[in-house]
Amino acid sequence: MNANEPNWTLYRTLLGVFRAGSLSGAARSLGLTQPTVGRHLDALEQALGFALFVRTQQGLSPTEAALALRPYAEALESTSAALLRVASSQGEGGGVRGTVRITASEVISAEVLPPILAELHAQYPDLSIELAPSNRLEDLLRREADIAVRMQRPSQEALIARHIGPIELGLYGHRRYLARRGTPASVTALGAHAIIGYDKQTPFLRGMRARLPALKHVRFALRTDSDLSALAALRAGFGLGFCQVGLARDNADLIRLFPKQIAPRLDTWLAMHEDLRDSPGCRATFAALADGLLRYVTSGRG
């Protein structure tokens with residue numbers, strides 16, 4: 001590496017300013033002083049030969065050149081984090097230790113994985129877990145995560161993938177809501193009910209409406225792109241909504257409606273980068289997740 005080339009620390013500061021929009025905000029998030037953040041930006045601009053931000057009344061606005069750098073800086077961040085996770089699993093004594101980063105959807109992360117991870121931690125107390133709840137498909141090839149729970153088959157060849165099976169969904173209503181509004185007698189009667197739905201069109205919603213034309217005319221009384229918020233609203237008795245059968249099974253107040261007509265399934269996969277197959281921590285985590293998710297999927301079958 002050329003001595004004049006900017007190091008990773010400067011790009012890390014660049015990302016901090018991107019995300020915070022100000023020197024002071026970046027300083028707080030990075031644990032640095034504001035003058036240090038300013039010096040890092042000055043050093044990076046001098047090394048690159050162009051300006052990265054312009055000052056506006058709203059804060060620091062990135063230049064076009066800076067925006068072009070952002071995805072590469074984020075890739076450096078992911079690689080650096082992955083390097084540290086792998087390094088943490090090495091050292092004397094071997095065994096299952098270090099850090100493993102897992103990504104899964106909001107609902108899977110909050111409702112399904114905690115007991116699985118609790119068992120894993122009890123067995124391997126030296127293993128640290130980073131859990132990244134996200135409905136975005138984290139890129140395993142770029143090492144944004146080590147292991148991913150996905151609702152579609154991974155397409156990249158450099159991944160180890162295991163098919164877990166389908167997670168069945170159902171349409172549910174809380175007892176309080178059904179007592180207040182009545183139980184719909186048919187799918188066509190759903191139009192007269194408060195439905196918890198999505199703020200944006202999704203492949204799942206388009207598929208459901210294609211299979212059930214009656215849903216095309218349903219009006220959403222609550223729209224949210226947060227699956228956890230939708231689940232909380234369903235449990236609170238706001239209206240009718242979708243829920244994983246395995247989760248609803250443990251809540252006697254959730255009543256399933258039209259199980260023969262409305263039973264969509266989410267195909268579930270577990271994926272890991274093939275370079276991590278020799279990591280004891282990743283192997284143990286992958287196995288624990290596969291076992292726990294298989295139990296969950298089996299328990300939710302009607």
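Given the structure is predicted, the values throughout are model-derived calculations rather than measurements.

S.K.: Mind showing me how you'd approach the overall build of the chain here?
M.R.: Across its full length, the chain carries 10 helices and 11 strands. Residues counted as buried form 44% of the 302 residues belonging to the chain. Nonlocal contacts in the chain, meaning residues at least 24 apart in sequence, comprise 72% of its contacts between residues at least 6 apart.

S.K.: Can you help me understand empty space enclosed by the protein in this one?
M.R.: Empty pockets left among the atoms are what a rolling probe the size of a water molecule brings to light. Tallied over the entire structure, the rule returns three cavities of 30 Å³ or more. Of the pockets and cavities examined, the largest cavity occupies roughly 120 Å³. Elements represented by at least two residues in the lining of the largest cavity include exactly β7 (195-197) and α7 (203-211). Looking at the lining of the largest cavity residue by residue, the class counts come to 11 nonpolar, one polar and one charged.

S.K.: Is there a simple way to explain the pattern of salt bridges in this structure?
M.R.: Close approach of charged atoms lets side chains of opposite charge pair. One pass over the structure, following the stated rule, counts nine salt bridges. With its nearest N and O atoms 3.2 Å apart, the salt bridge here joins D250 to R249. The network of salt bridges with common partners includes E119, D291 and R295.

S.K.: How should the packing of helix α5 (residues 106-123) against helix α8 (residues 227-235) be read in this particular structure?
M.R.: Packed helix pairs are specified by the crossing angle of their axes together with the interaxial distance, meaning the distance between the axes. At a minimum axis distance of 8 Å, the contact between α5 and α8 shows a crossing angle of 55°. Between α5 and α8, the angle falls in the class oblique. Across from E106, V107, A110 and E111 in α5, the residues of α8 making contact are D227, L228, L231 and R235. Considering only residue class, the contact of α5 with α8 consists of four nonpolar, no polar and four charged.

S.K.: What should I look at first to understand the packing of helix α1 (residues 8-20) against helix α3 (residues 34-48) in this one?
M.R.: In contact at an axis separation of 9 Å, α1 and α3 are set at 115° when each is read in the N-to-C sense. In terms of axis orientation, α1 runs roughly perpendicular to α3. For the pair α1 and α3, the crossing hand works out as left-handed. Along the contact surface, α1 presents T9, L10, Y11, T13, L14 and V17, while α3 presents V37, H40, L41, A43, L44 and L48.

S.K.: What should I look at first to understand helix α10 (residues 280-299) in this one?
M.R.: What sets the pattern is the α-helix's 3.6 residues per turn: residues three or four places apart point alike. Compared with an ideal rise of 1.5 Å per residue, which puts 20 residues at 28 Å, α10 spans 29 Å between its outermost C-alpha atoms and is within 8% of the ideal. Listed as buried for α10 are G281, C282, A284, T285, F286, L289, A290, G292, L293, Y296 and V297.

S.K.: Teacher, can you tell me more about the environment of A287 here?
M.R.: Within the fold, A287 resides in helix α10. Residue classification places A287 among the partly exposed residues on the basis of a relative accessible area of 44%. The sequence separation of A287 and L270 amounts to 17 residues, and the corresponding C-alpha distance is 9.8 Å.

S.K.: Any chance you could explain a positive patch on the surface here in plain terms?
M.R.: Where like charges cluster on the molecular surface, the positive patch consists of R176, R180, R181 and R219. Here R219 lies in the loop between α7 and β8 (220-223). On the basis of relative accessibility, which here comes to 60%, the residue R219 falls in the exposed class.

Each value, and the rule that gives it
Residues numbered from 1 in each chain as written. Predicted model: local features only at pLDDT ≥ 70, side-chain atom pairs only at ≥ 80, totals over all residues. Heavy atoms only, no water. Helix = DSSP H or I, 4+ residues; strand = E, 2+ residues; numbered from the N terminus. Buried < 20%, exposed > 50% of the residue type's maximum accessible area, 1.4 Å probe, protein only. Contact = heavy atoms within 4.5 Å. 1 Å grid on protein atoms, 1.4 Å probe; cavity = no way out; pocket = protein on both sides within 12 Å on 5 of 7 lines; lining within 4 Å. Points joined across faces, edges and corners; volume = space filled by probe spheres on them. Nonpolar A, V, L, I, M, F, W, Y, C, P; charged D, E, K, R; others polar. Salt bridge = Lys/Arg side-chain N within 4 Å of Asp/Glu carboxyl O. Axes fitted to C-alpha atoms, helices over the stretch in contact; angles between N-to-C directions. Parallel < 35°, antiparallel > 145°, perpendicular 65-115°, else oblique. Left-handed = near helix turned anticlockwise from the far one by under 90°. Expected span 1.5 Å × (residues − 1). Patch = residues over 30% accessible without salt bridge, like charges linked within 9 Å, V, L, I, M, F, W, Y side chains within 5 Å. Areas by Shrake-Rupley, 256 points an atom, 1.4 Å probe, with all protein chains shown as cover. Lys, Arg positive; Asp, Glu negative; His and termini not counted. Charge placed at Lys NZ, Arg CZ, Asp CG, Glu CD.

So, to be careful, I would describe these as geometric facts and stop short of saying anything about function.
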